[in-house]
Protein chains: 2
Amino acid sequence: MINFQSLIATKAARMKLVTKGEPVLEFGLRRAQGIDGGLTASRAAYIGGCDATSNVLAGKMFGIPVKGTHAHSWVMSFPTEEDAFETYAQVMPNNTIFLVDTFNTLEGVKKAIEAGNKLRQRGYELGGIRLDSGDLAYLSIEARKLLDEAGFPEASIVASNDLDENIIASLKNQGAKVNVWGVGTKLVTAYDQPALGGVYKLAAIKNDLGEWDYKIKLSEQTIKISTPGVQQVRRFYDANGFIADMIFDTETFTDGQNPVIVDPIDYTKRKRLSFKVPHEDLLVPVFKHGQIVRQLPSITQIRERVKGQLAGLHEGTKRFVNPHPYPVGLEKGLYDFKTDLILRMRNLKNEEQEA
Amino acid sequence: MINFQSLIATKAARMKLVTKGEPVLEFGLRRAQGIDGGLTASRAAYIGGCDATSNVLAGKMFGIPVKGTHAHSWVMSFPTEEDAFETYAQVMPNNTIFLVDTFNTLEGVKKAIEAGNKLRQRGYELGGIRLDSGDLAYLSIEARKLLDEAGFPEASIVASNDLDENIIASLKNQGAKVNVWGVGTKLVTAYDQPALGGVYKLAAIKNDLGEWDYKIKLSEQTIKISTPGVQQVRRFYDANGFIADMIFDTETFTDGQNPVIVDPIDYTKRKRLSFKVPHEDLLVPVFKHGQIVRQLPSITQIRERVKGQLAGLHEGTKRFVNPHPYPVGLEKGLYDFKTDLILRMRNLKNEEQEA
């Protein structure tokens, strides 16, 4: 539930970052993993920043705007491309994004323009065209020229075809005249990293006396050593955005202390803050004793929350290449306790081996 | 439905190929994509050859054998590892695979052996141990020695930790003494290629006279040009296995013709066969006029079908590195028709441009 949805929301956020606010439509249903109809992926993509989905059921169930175009089979099912566009314009005069690459892309654009002229005579406006193959930079530039010359400067150019944030960035660098981005496979599967490795680990357990026993999992792989404690995550911020996140033990760290955040990989890398720095604790109880104790936010509220949180991250942190690492660490008291516990457990073992 | 499940079944088949029949357990639920509880992935993995799943709901719904071990949290919730193993052995005396890497792997193996000795006194046998971190080659070899010396040569060694077919092959090359393989993330997401790019395209449509109109989608990307026709796929075989698959048009290719199969990428690469060569047509109708017209096979029948089909592929075709390409092509009549149709459509366009 958490790994996958965080992954896809993150991927969607990256798409929106690179389009600099231009609409990103999620088109992934046919490649989504799972028989739930790609619902999770569509929902998470919307939460992460996508503007709409082509998944009609997801739209109905979650209130996500539904956007899409006709299929190639629509065009192929008519004797000519002109017939196909004309019939579509009759049925959907307010939603005319013509898919122009069934036979020859730029010829298709010209036929879309013809259909657009007829639409205009009837009092409607051409929505735009969609490119789904070929050299999207070249074709979008040429299509833009044709549309502008024909008097359709407002018509959108939608592009799709195995897009991801890197390809979008490259197309933008090439001057592509795309202004709506359809992203499918690479988004809904998070293609280049299709799993987020989050785990739950036991960190503390109440003993018979009602006290917390702190627990740790050791490992020869440092990354697999868990953190003990009754944990909370505190996010510090100032007027410019977020400063750092700190994992701390709620039983031992008190609000009056000045926090020292230790990098979990490098003990000598620390951030010292005043306890007066504004902050928010990120973990909130949802269930208590089997009951939901929190009013669950709407999908729109979740989406707004994501947007706000992303705005709190400095630009350098959101770079795709060599991003500035956002500081996340353990509160020093917890770090020292964890280190001590590891050493004690390993020493115990050494003593056992010597005995 | 088809893309994802074919992908995961294929991935599972690759795992079983590399373990040479040793059990492969699907452990992927926590990383599966989608809120259907990873059911599709578990089902497809079983169909592809996995022997069991840790997904209890999938086991219940589809009749897949359920296998798994206790979690690290089981061990951590007790004062000592000995207590944890002992309690587990009391509760599950017939299902004792101890996860030994919570603190120190080889010390854990020794504690599993202690628990195994106590089990034997009570008339039960130690199932085995599971390694989930560290150097799986070294640790499995050392664990095997400890278990054998202690009189547990039958105890299994289960390994897991982001395994895939390549890591399993490498561990086997290193002499790892693993005999049961737990595979999760990399299997249920098909991590290194998380989408299979299958598409439906309109290939023929009946006109008002009840005749077939053949349809094609053109593209500047050759791979995106569709194939027209009322299509069937024929698989030819002899006593050694499969020879080739041929896509043909059922309306024009007759059973008495000697088939010539043309490589879709290279027109000069062909395979000629006699019409007498045994064959099977792979496409069977499931729905007709909205009704199911086929008795659907059970999951066991599907799994056996997969196994049989994989056995029909030559070993060279199933190699991971530089596999021998299995011949798949178009029947020459269909190939020529498609080529002619593409040329005619492109010529038409040229004439239009000249006009």
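Criteria and thresholds
- Residues numbered from 1 in each chain as written.
- Chains lettered and ligands numbered in written order.
- Predicted model: local features only at pLDDT ≥ 70, side-chain atom pairs only at ≥ 80, totals over all residues.
- Heavy atoms only, no water.
- Helix = DSSP H or I, 4+ residues; strand = E, 2+ residues; numbered from the N terminus.
- Rg over C-alpha atoms; globule rule 2.2 N^0.38 Å.
- Buried < 20%, exposed > 50% of the residue type's maximum accessible area, 1.4 Å probe, protein only.
- Contact = heavy atoms within 4.5 Å.
- Areas by Shrake-Rupley, 256 points an atom, 1.4 Å probe, with all protein chains shown as cover.
- Lys, Arg positive; Asp, Glu negative; His and termini not counted.
- Charge placed at Lys NZ, Arg CZ, Asp CG, Glu CD.
- Polar contact = N/O pair within 3.5 Å; in protein donor to acceptor, adjacent residues only side chain to side chain.
- Salt bridge = Lys/Arg side-chain N within 4 Å of Asp/Glu carboxyl O.
- Domains from an automatic or database assignment.
- Buried area = accessible area lost by both parts, 1.4 Å probe.
- Least-squares fit on C-alpha atoms with pLDDT ≥ 70 in both.
- pLDDT = per-residue confidence, 0-100.
- Pairing = 2+ DSSP bridges.
- Axes fitted to C-alpha atoms, helices over the stretch in contact; angles between N-to-C directions.
- Left-handed = near helix turned anticlockwise from the far one by under 90°.
- Nonpolar A, V, L, I, M, F, W, Y, C, P; charged D, E, K, R; others polar.
- Patch = residues over 30% accessible without salt bridge, like charges linked within 9 Å, V, L, I, M, F, W, Y side chains within 5 Å.
- Expected span 1.5 Å × (residues − 1).
- Arc of directions from axis to C-beta.

Visitor: Please clarify how the overall build of chain A should be interpreted in this entry.
Guide: Scanning chain A from N- to C-terminus turns up eleven helices and 16 strands. Relative to its length of 355 residues, chain A is extended, with a C-alpha radius of gyration of 26 Å against a globular reference of 20 Å. Counting only C-alpha atoms and orienting by the principal axes, one finds that chain A spans roughly 90 × 40 × 40 Å. Counting every position in chain A, which comprises 355 residues, the buried fraction comes to 46%. Long-range pairs, those at least 24 residues apart, make up 61% of the contacts in chain A between residues at least 6 apart in sequence. Just so you have it, chain A exposes about 18000 Å², and 54% of that area is on carbon and sulfur atoms. With 44 positive and 43 negative side-chain charges, chain A shows a spacing of 2 Å between the two charge centroids.

Visitor: Looking at this structure, I do not really get the environment of Glu125 of chain B. What am I missing?
Guide: All names here are of chain B. Within the secondary structure, Glu125 sits in the loop between α6 (105–121) and β4 (128–131). Taking the C-alpha atoms as reference points, Glu125 and Ala115, separated by ten residues in sequence, lie 9.9 Å from one another. For Glu125, the residues in contact, after removing those within four places along its chain, are Pro93, Thr96, Leu119, Arg120 and Phe152. A distance of 2.6 Å separates polar atoms of two side chains, one belonging to Glu125 and the other to Arg120.

Visitor: Is there a simple way to think about the pattern of salt bridges in this case?
Guide: Between side chains of opposite charge, pairing is possible as soon as their charged atoms come close. Here the structure, examined in full by the defined rule, presents 44 salt bridges over all chains. Here Glu107 of chain B makes a salt bridge to Lys110 of chain B, at a shortest N to O gap of 3.2 Å. Placement of both Glu107 of chain B and Lys110 of chain B in helix α6 is noted, with a separation of three residues, approximately one turn of the helix. Residue classification places Glu107 of chain B among the buried positions, given a relative accessible area of 11%. Residues joined in a network through salt bridges with shared partners are Lys11, Arg14, Glu165 and Asp192 of chain A.

Visitor: Teacher, can you tell me more about the domain arrangement of chain A here?
Guide: When the parts of a complex come together, some accessible area is lost, and that lost area is often used as the size of the interface. All names here are of chain A. According to the domain assignment, chain A consists of domain 1 (2–188) and domain 2 (204–354). The C-alpha centroid of domain 2 is placed 41 Å from the C-alpha centroid of domain 1. Each partner contributes to the roughly 960 Å² buried at the junction of domain 1 and domain 2, and carbon and sulfur atoms together form 72% of this total. Of all residues in domain 1, Leu17, Tyr46 and Ile47 bury the most surface against domain 2, accounting for 52% of the area lost on that side. Joining domain 1 to domain 2, the criterion identifies one salt bridge.

Visitor: What exactly am I supposed to notice about the relation of the copies chain A and chain B here?
Guide: Copy one and copy two of the chain differ by a rotation about a common axis and a shift along it. With an RMSD of 0.0 Å, the fit of chain A onto chain B corresponds to turning through 180° and sliding 0.0 Å along the axis. Read as a symmetry element, the transformation amounts to a two-fold axis. Interface overlap between copies: 100% of the residues of chain A at the interface are likewise at the interface in chain B, consistent with a symmetric, same-surface contact.

Visitor: What am I meant to see in the confidence of the model for chain A here?
Guide: Atom-level detail of predicted coordinates should not be read off regions where pLDDT is low. Counting all residues, the mean pLDDT for chain A is 94, and 97% of those residues have values of 70 or more. Across the predicted assembly, pTM comes out at 0.93 and ipTM at 0.90.

Visitor: Sorry, what's going on with the pairing of strand β10 (residues 241–249) of chain B here?
Guide: Residue and element names in this part refer to chain B. Of all nine residues making up β10, eight are buried, and the element is well covered by its neighbours. Bridge count between strand β9 (residues 231–238) and β10: eight bridges; the pairing is antiparallel. Each bridged residue has a counterpart across the sheet, and for Gln232 the counterpart in β10 is Phe248. Connecting β9 to the next strand, β10, in antiparallel fashion are two residues. In terms of strand pairing, β10 meets strand β16 (residues 328–331) through three bridges, oriented parallel. Bridge pairing in β16 links Ile247 to Leu330.

Visitor: Looking at this structure, I do not really get the interface of chain A and chain B. What am I missing?
Guide: Each partner contributes to the interface: chain A provides 57 residues, whereas chain B provides 58 residues. Buried area between chain A and chain B, both sides added, is near 4500 Å², and the carbon and sulfur share of it is 54%. One can count two salt bridges joining chain A with chain B. In this structure, the connection of chain A to chain B is made through 26 residue pairs in polar contact (both at pLDDT 80 or more). Put simply, the parts of the chain that give the side of chain A that touches chain B at least two residues each are α1 (2–19), α4 (72–76), α6 (105–121), α9 (185–188) and α11 (332–354) of chain A.

Visitor: How should I be thinking about the environment of Ala32 of chain B in this particular structure?
Guide: For Ala32 of chain B, the location among the structural elements is in the loop between β1 (24–26) and α2 (39–48). Sequence spacing of Ala32 of chain B and Ser42 of chain B is ten residues, and the spatial spacing of their C-alpha atoms is 9.1 Å. If we skip the residues at most four places from it in the chain, Ala32 of chain B touches Phe4 of chain A together with Gly38 and Val188 of chain B.

Visitor: What should I look at first to understand the packing of helix α5 (residues 81–91) of chain B against α6 of chain B in this one?
Guide: The packing of two helices is summarised by the inter-axis angle and the distance between the axes. All names here are of chain B. Contact pair α5 / α6: the axes reach a minimum separation of 10 Å and the direction vectors enclose 35°. Of the two possible hands of crossing, α5 and α6 adopt the one that is right-handed. Packed against α5, whose contacting residues are Glu81, Glu82, Phe85, Glu86 and Ala89, the element α6 presents Gly108, Lys111, Ala112, Glu114, Ala115, Lys118 and Leu119 at the interface. Taken together, the residues of the contact of α5 with α6 sort by class into five nonpolar, one polar and six charged.

Visitor: Which parts of the structure should I look at to understand a nonpolar patch on the surface?
Guide: There is a patch of nonpolar side chains on the surface, built from Val284, Val286, Phe287, Ile292 and Leu296 of chain A and spanning about 450 Å² of accessible area. Since its relative accessible area comes to 31%, Val286 of chain A is described here as partly exposed.

Visitor: Even after reading the chapter, I still don't get the sheet that holds strand β12 (residues 270–272) of chain A, so can you show me in this structure?
Guide: Sheet strands pair by backbone hydrogen bonding; their relative direction is either parallel or antiparallel. Residues and elements named next belong to chain A. One open sheet accounts for six strands, arranged β12-β11-β16-β10-β9-β13; its pairing is mixed. In this open sheet, the two edge strands, each paired with only one partner strand, are β12 and β13 (279–281). On average, each strand axis in the sheet is inclined to that of its neighbour by 30°, with strand direction left out of account. Where strand β11 (residues 260–262) and strand β16 (residues 328–331) come together, two bridges link them in antiparallel fashion.

Visitor: Where do I start with the side chain of Glu81 of chain A in this structure?
Guide: Mapped onto the secondary structure, Glu81 of chain A falls in helix α5 (residues 81–91). Each residue touching Glu81 of chain A, except ones within four places of it in the same chain, is listed here: Val75, Val100, Thr102, Phe103, Gly108 and Lys111 of chain A.

Visitor: Can you walk me through helix α10 (residues 299–311) of chain B in this structure?
Guide: Each α-helix winds once per 3.6 residues, and so residues spaced three or four apart point in a common direction. Residues and elements named next belong to chain B. With 13 residues, α10 should cover 18 Å at 1.5 Å per step; its first-to-last C-alpha distance of 18 Å lies within 8% of that length. Residues Ile299, Arg303 and Gln309 constitute the buried set of α10. Buried residues in α10, looked at end-on, bunch into an arc of 125°, giving them a common side. Looking at the buried positions of α10, the neighbouring elements they touch are α2, α3 (56–62), β9, β10 and β13 (279–281).

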